[in-house]
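Residues per chain, in single letters:
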Amino acid sequence: MQLNQEQLDQFATEGWLLLPELFTPEEVDLLRREAVEIYKEEREEVWREKDGSPRTAFAAHKYNEAFRLLWRHPRMIKPVEQVFGEPVYLHQYKINAKSAFTGAVWQWHQDYGTWKRDDGMPEPRAMNISIFLDEVMPINGPLMLVPKSQEAGDLEASHDLETTSYPLWTLDEATVTKLVEKGGIVAPTGKPGSMLMFHGNLVHGSAGNITPYPRKIVYLTLNACSNHIRKPTRPEFIAHRDFSPIECVEDDALVKLARSQSRQAA
Ligand SMILES: O=C(O)CCC(=O)C(=O)O
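If you're wondering where the values come from, they're calculated on a predicted model, not measured in any experiment.

### Structural notes on the packing of helix H2 (residues 25-39) against helix H7 (residues 253-265)
Next, step 1: Their axes nearest at 9 Å, the elements H2 and H7 cross at an angle of 65°. Of the possible angle classes, the one that applies to H2 and H7 is roughly perpendicular. By crossing handedness, the relation of H2 to H7 is classed as left-handed. Between H2, through Glu26, Glu27, Leu30, Leu31, Arg33 and Glu34, and H7, the contact on the second element is made entirely by Leu254, Val255, Leu257, Ala258, Arg259 and Gln261.
Next, step 2: Each residue belonging to the contact of H2 with H7 can be placed in one class, and the counts come to six nonpolar, one polar and five charged.

Given below as structure tokens:
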């Protein structure tokens, strides 16, 4: 799958791009079911909010077949290789839960801020690319993006270890206000299966979810192979050390798994 010129231009100027319903309901139903099972597991990769509800599950490709296929899916990998003009490897993989009633905030931040400071990533030649596993609505804690903020480069940030269960390099209010005056705020919404990609320096965050509607989103962080991390400080399941280029599975890999599971269940 390749992005067209209009999509490439929107990504270059705005810093983000939404591809609605790129994965089919059959594919997303499989991933959503598996994510729910993963959150029940007690393992070091599953992080919880301060109240105990799931916040995120890291590195699911190491212990779940559906997510082992997704991280090498051509519909996710090829557009990012096209933007960077080189092969990519998987730097981080997480399934964020933003659970009904309890999903907590993600403070305003740039992803590259954390990759640089915590993992020793040389340049912002990595990006988060996500698939909505539930419908993302204006009310259930959608990701909020500040368009064009990637142009500000890598901004000063402070390490917030208090607000949530997950440490993050966050931006101060004055910085966010200035960038929002220029670019505004958008909150891309869409049906399950939609794919969102955004620049590593794009400022973003999300509010808590106090609705009965869960908002699961799975994120691959793909890094250009030449830009591999140099000084990791976080565990391997958070900042991967295998810098080999991703070799894609076939486009119908998830459908085949969904159908084989249905046959077994019948
Ligand atoms: O899932 C969210 O709401 C935010 C996630 C995020 O900002 C991140 O992983 O960097």
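### Things to note about the site of the ligand
Next, step 1: In the neighbourhood of the ligand, the contacting residues comprise Lys94, Asn96, Lys98, Trp106, His109, Asp111, Asn128, Leu143, His204, Ser206, Arg215 and Tyr219.
Next, step 2: Between asparagine 96 and the ligand, the recorded distance is 2.9 Å, taken from a side-chain N or O atom to an oxygen atom.
Next, step 3: At a separation of 2.8 Å, an oxygen atom of the ligand approaches a polar side-chain atom of tyrosine 219.
Next, step 4: Elements with a minimum of two residues in the shell around the ligand: strand S4 (88-96), strand S5 (106-109) and strand S11 (204-206).

### Things to note about the sheet that holds strand S1 (residues 16-19)
Next, step 1: One open sheet holds the seven strands; their spatial order is S1-S10-S6-S12-S4-S3-S2, and the pairing between them is antiparallel. Two strands bound the open sheet, and with one partner strand each, they are S1 and strand S2 (46-48). This sheet shows a mean twist of 20° between the axes of neighbouring strands, independent of strand direction.
Next, step 2: Judged from the three bridges that link them, S2 and strand S3 (residues 54-58) form a sheet pairing that is antiparallel. Its bridge partner lying in S3, valine 46 is registered against alanine 57.
Next, step 3: The sheet contacts of helix H5 (residues 111-119) involve S4, strand S6 (126-132), strand S10 (195-199) and strand S12 (217-224), and relative to S6 the element is tilted by about 125°.

### Section: the pairing of S4
Next, step 1: For S4, the buried fraction is high: nine of the nine residues fall into the buried class.
Next, step 2: Strand direction decides the pairing type here: S4 and S12, joined by eight bridges, are antiparallel. Note on S12: the bridge partner recorded for isoleucine 95 is valine 218.

What counts, and at which threshold
- Residues numbered from 1 in each chain as written.
- Predicted model: local features only at pLDDT ≥ 70, side-chain atom pairs only at ≥ 80, totals over all residues.
- Heavy atoms only, no water.
- Axes fitted to C-alpha atoms, helices over the stretch in contact; angles between N-to-C directions.
- Helix = DSSP H or I, 4+ residues; strand = E, 2+ residues; numbered from the N terminus.
- Parallel < 35°, antiparallel > 145°, perpendicular 65-115°, else oblique.
- Left-handed = near helix turned anticlockwise from the far one by under 90°.
- Contact = heavy atoms within 4.5 Å.
- Nonpolar A, V, L, I, M, F, W, Y, C, P; charged D, E, K, R; others polar.
- Near = heavy atom within 4 Å.
- Polar contact = N/O pair within 3.5 Å; in protein donor to acceptor, adjacent residues only side chain to side chain.
- Pairing = 2+ DSSP bridges.
- Buried < 20%, exposed > 50% of the residue type's maximum accessible area, 1.4 Å probe, protein only.

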